[in-house]
There are 2 protein chains.
Amino acid sequence: MTDATVIFTPSGKRGRFAIGTPILTAARQLGVDLDSVCGGRGICSKCQITPSYGEFSKFGVTVDQDALSEWNAVEQRYKDIRGLIDGRRLGCQAKVMGDVIVDVPPESQVHKQVIRKSASARDMVMDPATRAYFVTVEQPDMHEPSGDFERLKAALAREWGIADVTADLALLRRLQPALRRGEWSVTVVLNKGNHDATHRILDIFPGFHEGALYGLAIDLGSTTIAAHLCNLSDGAVLASAGVMNPQIRFGEDLMSRVSYVMMNEGGDVEMTSVVRAAIATLASSISAEAGIDPRAIYEVVFVCNPVMHHLLLGIDPVELGQAPFALAASESLSLDGADLDITTINPAARAYILPCIAGHVGADAAAVALSEEPNKSNDMVLIVDVGTNAEILLGNKTRVLACSSPTGPAFEGAQISSGQRAAPGAIERVQIDPVTKEPRFSVIGCDKWSDEDGFAEATAQMGVTGICGSGIIEAVAELRMAGLLDQGGLIGGPDQTGSARCIPEGRTHAYILHDGTAQGGPLITVTQGDIRAIQLAKAALYAGAKLLMDEMGVEKVDRVVLAGAFGAHISPKHAMVLGMIPDVPLDKVISAGNAAGTGARMALASNSARDTIEEVVRHIHKVETAIEPRFQEHFVNASAIPNAVDTFPELGMVVSLPDVSFNTSGAGSAGRRRRG
Amino acid sequence: MTDATVIFTPSGKRGRFAIGTPILTAARQLGVDLDSVCGGRGICSKCQITPSYGEFSKFGVTVDQDALSEWNAVEQRYKDIRGLIDGRRLGCQAKVMGDVIVDVPPESQVHKQVIRKSASARDMVMDPATRAYFVTVEQPDMHEPSGDFERLKAALAREWGIADVTADLALLRRLQPALRRGEWSVTVVLNKGNHDATHRILDIFPGFHEGALYGLAIDLGSTTIAAHLCNLSDGAVLASAGVMNPQIRFGEDLMSRVSYVMMNEGGDVEMTSVVRAAIATLASSISAEAGIDPRAIYEVVFVCNPVMHHLLLGIDPVELGQAPFALAASESLSLDGADLDITTINPAARAYILPCIAGHVGADAAAVALSEEPNKSNDMVLIVDVGTNAEILLGNKTRVLACSSPTGPAFEGAQISSGQRAAPGAIERVQIDPVTKEPRFSVIGCDKWSDEDGFAEATAQMGVTGICGSGIIEAVAELRMAGLLDQGGLIGGPDQTGSARCIPEGRTHAYILHDGTAQGGPLITVTQGDIRAIQLAKAALYAGAKLLMDEMGVEKVDRVVLAGAFGAHISPKHAMVLGMIPDVPLDKVISAGNAAGTGARMALASNSARDTIEEVVRHIHKVETAIEPRFQEHFVNASAIPNAVDTFPELGMVVSLPDVSFNTSGAGSAGRRRRG
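Residues numbered from 1 in each chain as written. Chains lettered and ligands numbered in written order. Predicted model: local features only at pLDDT ≥ 70, side-chain atom pairs only at ≥ 80, totals over all residues. Heavy atoms only, no water.

Peer 1: Would you mind going over the overall build of chain A with me for this structure?
Peer 2: Of the regular secondary structure elements, chain A holds 16 helices and 33 strands. Along the longest, intermediate and shortest principal axes, the C-alpha atoms of chain A span 95 × 65 × 55 Å. Residue burial in chain A is summarised as follows: out of 676 residues, 59% are buried. Partitioning the contacts of chain A with sequence separation of at least 6, the portion at a separation of at least 24 is 66%. Averaged over its 59 positive side-chain charges, chain A has a centre that lies 3 Å from the centre of its 80 negative ones. (Helix = DSSP H or I, 4+ residues; strand = E, 2+ residues; numbered from the N terminus. Buried < 20%, exposed > 50% of the residue type's maximum accessible area, 1.4 Å probe, protein only. Contact = heavy atoms within 4.5 Å. Lys, Arg positive; Asp, Glu negative; His and termini not counted. Charge placed at Lys NZ, Arg CZ, Asp CG, Glu CD.)

See the structure below:
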């Protein structure tokens, strides 16, 4: 026998190969997706495979025990040092000796699928822009003179079929010592983004480099900067971390930052500088948290709203503050990390910034679209990403609309009298008994409710410090359901509500949620001002959704997806009581978690995800809320808190809200009924 | 009549066009090379054409006086402000009204030929990487939101057919203000080098930008840095300037600089820094000299030897100091000017560095090959570029060989006792009367010989200050022809030569060329040490040429081209008397001037010239002198100054050198006869 059949699973690809052909070679010839960094030298162990033995009528072959060459010293050495699952072989060492069926486990595939944990989320395929390659370079010969770089390129072409390689001066400077220290074998880190014509060498190591390659997916919000540190070969998240956006000191919301630039010469430069410094510091701290060398970070992907986009890039955002809200650049951008002063990671690292959809609908909304795929939905889905601005997408596989709505930071606990960030000690869940009007609540960092035994002890150390975004939404909704709040949003006085917790505050009232003053803690109340802030925020959100529904010509949506770091914590029932989102059966309200961050991770993991979102964005129709008269109309109509909400079938009940109306001297009835 | 024939000269292209078609439109449709920056708006005047009237039997057409639309207000306005040659029309304004013959003058062609002045040199075709384009960009529409950059790209595609445009962050930052100040019309400077996949925007100006675009062609030598400031649209040289290479303080020649790096940690960084600073200063001063804004310099092309190449790039040159003399990178490089710290020119300027041929044969030799085209020669041509190193090319259209030879700086007046740079006051021509043994000479900056009336007055101010490279070569050759020097290179004493000018100096003799001490000037002598330095330099040069002739298998060459800034001034007769170059009829010795600089200018003017030299370099066979035993052999044999040289037909004489041999105590006979 001079040749034999090799069948790969799960691909089903098969071919006949000469006896003695390494499995890795057979896989390459058939185009089977079998990983390798060292190019078949038995170093990297990326090409692990599992042979199957026995009779396989399905494939029409019988695999004998000696179908592969014997377990060899290279494999034994690898197993001794690193370990190898029983039954596994190294594809570069195991040679064809007879008909054989070879399984390629997921972790040995380059384009491995990453199954995401959340049921609502999409799976993700690895197709990273950055990969490592081990090559052996020919030594210089003065009779055939050529540069070391040219011989490195020849080696990459010969061993890996990569013919289009470039390098910058910084890399060329390091090339000769690396080649000589590695005795003419080096590991190079190559990057080719989805728009690049060439592979660029980001890094070079003498010999075989064991270290993994990492990337950062950064969701650059107006209020917080959230980063995920990911392994570029399997997409695994090693650490997630966030910091406050230091630009907050120039203005809480985006428009106040744009105003700051208009009023202060060089204000944009100042804001660019502080946000870049915060990103560099975050990159450094997240690396420390994960215990990796930050120089192993070779890529950063950014999603952000348009104003943050421009301020990150160092572009004056003033045009975004006035009609027609022209972006300087809307398409995706591929840059050097150094262009963004991310000095703490690999100096050659690349940055990819997702495309913006419009002057008010940013790359964060694009990332949500990438993650949540409204363009592939059969039913009409409304996707709401709640942050300081709300990004709203509405559509299905036929058409997708997008807008943004200036909700302000109230949903994030800012501009709320007892508001705070979601951190230990913050009230995140609230219930108010409709009969006694007494509250119970839970705080972040404690799994007991406030009326349960042991709550005081459990929270003694951290205290009950304030209310976070989800807490204030629940509190307002519960106040309404308990009849303490009228449809216009006024808090009733103790005489009107029969609750001593409704205390006068100026000419209006506040509701005492928790009095910690006896323990030296704060008095946590929900004030009339807090209610107004939430009303404005929720009205803006609702009006944006309604505007898209008008544009789409639909009266209702089939499904609501709540996204945003905060979306994960909103109680759908309370959101609907408040009138934040259009009515939809409660089981059709899904939390997608940090969908923008997920979109950023997908773009980090995959060039084809970048292609996808760039294409999708081109077909999203943008609706501009700022100049649309109907937006104002919807906004005014939506500021009231309605009287009745829909059936919550899974709760087996209809939530009926009392038709009360309070009068407080000096505070007029601000709301009108939302529904006719 | 609804259409008419339009014939363009000199291309001969013709076609029929609807009445009313602008000539520029007709030219574009036929692919006629007719320039335009403003895209037909009557602003730039680049599309000037000359119609011919009358009967043209050759073309079979008769052109009436009304074959073009009438002279219009746009043309009159342009003529009033800028002037227009009589008979000229603007191609964008003149419309086809009948059959017409239109001549495109050379200055209206994009790819205009630049005829070089020297008969020996090649013409050059303009095909610049950098050009300006005027475009009108659509205004933003919030209902069809897209970035200003994306609309600029769309305008370039629509108006100029340029579909692949990129910009860096610095440009994006300036985009929005420029568009608005220009009321949505801007001039962009686009660059696309011969290896680039895209056009990159280097600059943007509101409205139509009148200014020309410039480039620098820099010949970065070990001793001097020479720059030509060129107009990128017609190749014209506005100014040429040179400065000393400040690296000289780290070592006169290349190997001493490599040694400096080996001996001093950070020595390469130091040398890179000083040479880059000198280049930046030179760019600034040459701009001032030409009276242009240095920010209008958008490209820099470099030619240099390999050690300078690495030191310019910031690459440690240590590998070039030892076999196998491996270059870090040998192919051409396209970089940002900023990568090379050329901070004085446009911050977005690009740099192109010609390919190196081998570890000892640099981009300067490549530039000489581009300029002098040995690869297209029918006869066997030897090209010698004399500097601190000599680059030597030998070949014809079948095969080209190259080597470099370490001549040292003697030919440049360095290491010569009275040596100096070629500057006013330097002796550049020397004659010695064979009978009286008395010298006469001329100096740079004065057109009289030293024995002519008025010489003293003419040189009174600058003085006679020293001997430059060409002066020392002539002096040594003349000493030999006058019988004052034997074939071994020894200067005879006054008793042996009968000349009181041969004065003792230590144990040898020196020849007094000029005694200016009475006027407070220097005593200018040619010492025995000077003779030895010239002997070593010319032996190295000759040995290199001979080595290539051995490799080529030829006993003689048909033609010698002397290149280098210095090559322009070498007297062929004296070069041959000295034995610097192989024997060849004197009329076959041609001076090509600064061929490396010319090659640099060609690469600056033309992407196709870059393609050409990259291709030619791949086919040049490199010969390494440093390890070739025959080089040493040739070197030793070539140190003598021969007894007789060939006939100089155009001088109608044979130069016979006396067969003398002097003995000076302590100085042995250093030379052996070169020819058998």
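Peer 1: What is the right way to look at unusual backbone geometry in this model?
Peer 2: Excluding glycine, most residues fall at negative phi; most peptide bonds, likewise, are trans. Across the junction of Thr 9 of chain B and Pro 10 of chain B, the peptide omega takes the value 5 degrees, indicating a cis bond. With respect to the helices and strands, the residue Pro 10 of chain B is situated in the loop between β1 (3–9) and β2 (14–18). That bond from Ala 323 of chain B to Pro 324 of chain B is cis: its omega, 5 degrees, falls within 30 degrees of zero. For Pro 324 of chain B, the location among the structural elements is in the loop between α7 (306–313) and β18 (333–336). Positioned with a positive phi, Asp 341 of chain A is a non-glycine residue whose angle comes to about 60 degrees.

Peer 1: What is the right way to look at helix α1 (residues 23–30) of chain B in this model?
Peer 2: Residue and element names in this part refer to chain B. Buried within α1 are the following residues: Ile 23, Leu 24, Ala 26 and Ala 27. Each buried residue of α1 lies within a common arc of 160 degrees when the element is viewed along its axis, so the set occupies one face. Gly 31 occupies a position one or two residues after α1 and carries a positive phi of about 75 degrees. (Arc of directions from axis to C-beta.)

Peer 1: When you look at the interface of chain B and chain A in this model, what are you seeing that I'm missing?
Peer 2: Many structure descriptions define interface size as the accessible area lost when the parts assemble. On the chain A side, the residues contacting the 43 residues of chain B number 43 residues. Approximately 3300 Å² of surface area, both sides summed, lies buried where chain B meets chain A, with 62% of it carried by carbon and sulfur atoms. Sorting the residues of chain B by area buried against chain A places Met 142, Leu 169 and Gln 176 of chain B first, and these three jointly supply 20% of that buried surface. There are four salt bridges connecting chain B and chain A. Taking the shortest distance from any N to any O, the salt bridge between Glu 331 of chain B and Lys 153 of chain A comes out at 3.1 Å. (Buried area = accessible area lost by both parts, 1.4 Å probe. Salt bridge = Lys/Arg side-chain N within 4 Å of Asp/Glu carboxyl O.)

Peer 1: Teacher, can you tell me more about the packing of aromatic side chains here?
Peer 2: All names here are of chain A. Under the criterion given, the structure shown has ten aromatic pairs over all chains. With centroids separated by 4.8 Å and ring planes inclined at 55 degrees, the aromatic side chains of Phe 250 and Tyr 260 adopt a geometry described as tilted. Here Tyr 260 lies in helix α5 (residues 254–263) and Phe 250 lies in the loop between β16 (237–244) and α5, a separation of ten residues in the sequence. For Phe 250, a relative accessible area of 8% translates into the label buried. Aromatic side chains Phe 631 and Phe 635 sit 6.3 Å apart centroid to centroid with 25 degrees between the ring planes, which places their arrangement in the stacked category. Of this pair, Phe 631 and Phe 635 are both found in helix α16 (residues 629–637), four residues apart, which corresponds to roughly one turn of the helix. (Phe/Tyr/Trp six-rings, centres within 6.5 Å; stacked < 30°, edge-to-face > 60°.)

Peer 1: How should the relation of the copies chain B and chain A be read in this particular structure?
Peer 2: Each of the two chain copies can be generated from the other by rotation about an axis followed by a shift along it. In the superposition of chain B on chain A (RMSD 0.2 Å, axial shift 0.0 Å), the rotation amounts to 180 degrees. The operation mapping one copy onto its partner corresponds to a two-fold rotation axis. Among all C-alpha atoms of chain B, that of Ala 197 of chain B lies closest to the rotation axis, at 3.3 Å. Of the residues that chain B buries at the interface, 100% are likewise interface residues in chain A, meaning the two copies contact each other through the same surface. (Least-squares fit on C-alpha atoms with pLDDT ≥ 70 in both.)

Peer 1: Which parts of the structure should I look at to understand the pattern of salt bridges?
Peer 2: If charged atoms from side chains of opposite charge come close, those side chains can pair. Residues and elements named next belong to chain B. One pass over the full model with this rule turns up 57 salt bridges over all chains. With its nearest N and O atoms 2.8 Å apart, the salt bridge here joins Arg 41 to Glu 159. One end of the pair, Arg 41, is in the loop between α1 and β3 (48–52); the other, Glu 159, is in helix α3 (residues 148–160), with 118 residues separating them in the sequence. Looking at Arg 41, the relative accessible area reads 29%, which means it is partly exposed. Glu 373 is the partner of Lys 376 in a salt bridge, and the nearest nitrogen-oxygen pair spans 3.2 Å. Residue Lys 376 is classed as exposed on the basis of its relative accessible area, which comes to 52%. The buried category is assigned to Glu 373, whose relative accessible area is 17%.

Peer 1: Explanation requested: the confidence of the model for chain A in the structure shown.
Peer 2: Fine structural detail should not be taken from predicted coordinates in areas where pLDDT scores are low. Residues and elements named next belong to chain A. In the predicted model, chain A carries a mean pLDDT of 89, and the fraction of residues at 70 or more is 94%. Scored below 50 in pLDDT, residues 649–653 shows seven contacts in the model against residues more than four places distant or in partner chains. Per-residue pLDDT stays below 50 along residues 666–676; that stretch engages in 27 contacts with residues further than four places along the chain or on separate chains. Across the interface, the model reports ipTM at 0.86; the global pTM reads 0.86. (pLDDT = per-residue confidence, 0-100.)

Peer 1: Got a minute to help me understand the sheet that holds strand β12 (residues 185–191) of chain B in this structure?
Peer 2: Two modes of strand pairing occur in sheets, parallel and antiparallel, and in both the strands are linked by backbone hydrogen bonds. Residues and elements named next belong to chain B. Taken in spatial order, the four strands line up as β10-β12-β13-β11 in an open sheet, and their pairing is mixed. For this open sheet the edge positions go to β10 (130–136) and β11 (165–166), each flanked by a neighbour on one side alone. Examined bridge by bridge, β12 and strand β13 (residues 199–206) share six bridges and lie antiparallel to one another. Each residue of the ladder has a partner; that of Thr 187, found in β13, is Phe 205. Lying on the sheet, α3 is in contact with β10, β11, β12 and β13; it crosses β10 at an angle near 100 degrees. Contacting β12 and β13, helix α4 (residues 169–181) crosses the sheet at an angle of about 40 degrees to β13. (Pairing = 2+ DSSP bridges. Axes fitted to C-alpha atoms, helices over the stretch in contact; angles between N-to-C directions.)

Peer 1: What is the right way to look at the packing of helix α14 (residues 595–605) of chain A against helix α15 (residues 607–619) of chain A in this model?
Peer 2: Between two packed helices, the angle of one axis relative to the other and the distance separating the axes together describe the packing. All names here are of chain A. Running from N to C, α14 and α15 point in directions that differ by 125 degrees, and their axes come no closer than 5 Å. Accordingly, the angle class assigned to the pair α14 and α15 is oblique. Residues Met 602, Ala 603, Leu 604 and Ala 605 of α14 lie in contact with α15, whose contacting residues are Asn 607, Ala 609 and Arg 610. (Parallel < 35°, antiparallel > 145°, perpendicular 65-115°, else oblique.)

Peer 1: What should I look at first to understand the side chain of Asp 35 of chain A in this one?
Peer 2: Residues and elements named next belong to chain A. Checked against the element boundaries, Asp 35 lands in the loop between α1 (23–30) and β3 (48–52). Residue class for Asp 35 comes out buried when judged on its relative accessible area of 5%. Of note is the side chain of Asp 35, whose polar atom sits 2.7 Å from the side chain of Arg 131. With near-sequence residues (within four places) excluded, Asp 35 lies in contact with Leu 24, Lys 46, Cys 47, Ser 108, Gln 109, Val 110, Lys 112 and Arg 131. (Polar contact = N/O pair within 3.5 Å; in protein donor to acceptor, adjacent residues only side chain to side chain.)

Peer 1: For this particular structure, what's the right way to read the environment of Pro 629 of chain A?
Peer 2: All names here are of chain A. Turning to its location among the elements, Pro 629 is positioned in helix α16. By relative accessible area, Pro 629 is classed as exposed at 60%. For the pair Pro 629 and Leu 547, spaced 82 residues apart in sequence, the C-alpha separation works out to 9.9 Å.

Peer 1: Before we go on, may I ask you to explain the domain arrangement of chain A in this structure?
Peer 2: Residues and elements named next belong to chain A. Taken domain by domain, chain A comprises domain 1 (3–108), domain 2 (130–206), domain 3 (366–409 + 534–652) and domain 4 (418–526). The centre of domain 1, based on its C-alpha atoms, is set 29 Å off from the matching centre of domain 2. For the domain 1 and domain 2 pair, buried surface summed over both sides reaches about 570 Å², with 49% attributable to carbon and sulfur atoms. Linking domain 1 with domain 2 are two salt bridges. As a salt-bridge pair, Arg 131 and Asp 35 come within 2.7 Å of each other at their nearest N and O atoms. For the pair domain 1 and domain 2, the number of links is five residue pairs in polar contact (both at pLDDT 80 or more). Residue composition of the side of domain 1 that touches domain 2, grouped by class: three nonpolar, two polar and three charged. (Domains from an automatic or database assignment. Nonpolar A, V, L, I, M, F, W, Y, C, P; charged D, E, K, R; others polar.)

Peer 1: Any chance you could explain the sheet that holds β2 of chain B here in plain terms?
Peer 2: Residues and elements named next belong to chain B. Taken in spatial order, the five strands make up an open sheet running β2-β1-β7-β3-β6, and their pairing is mixed. Taken across any chain shown, the strands that pair with only one partner, and hence form the sheet edges, are β2 and β6 (89–90). As paired elements, β1 and β2 share five bridges and run antiparallel to each other. Residue pairing for β2: Ala 4 is matched across the bridge by Phe 17. Against the sheet, α1 engages β1, β2, β3 and β7 (100–103), with an angle of about 70 degrees to β1.

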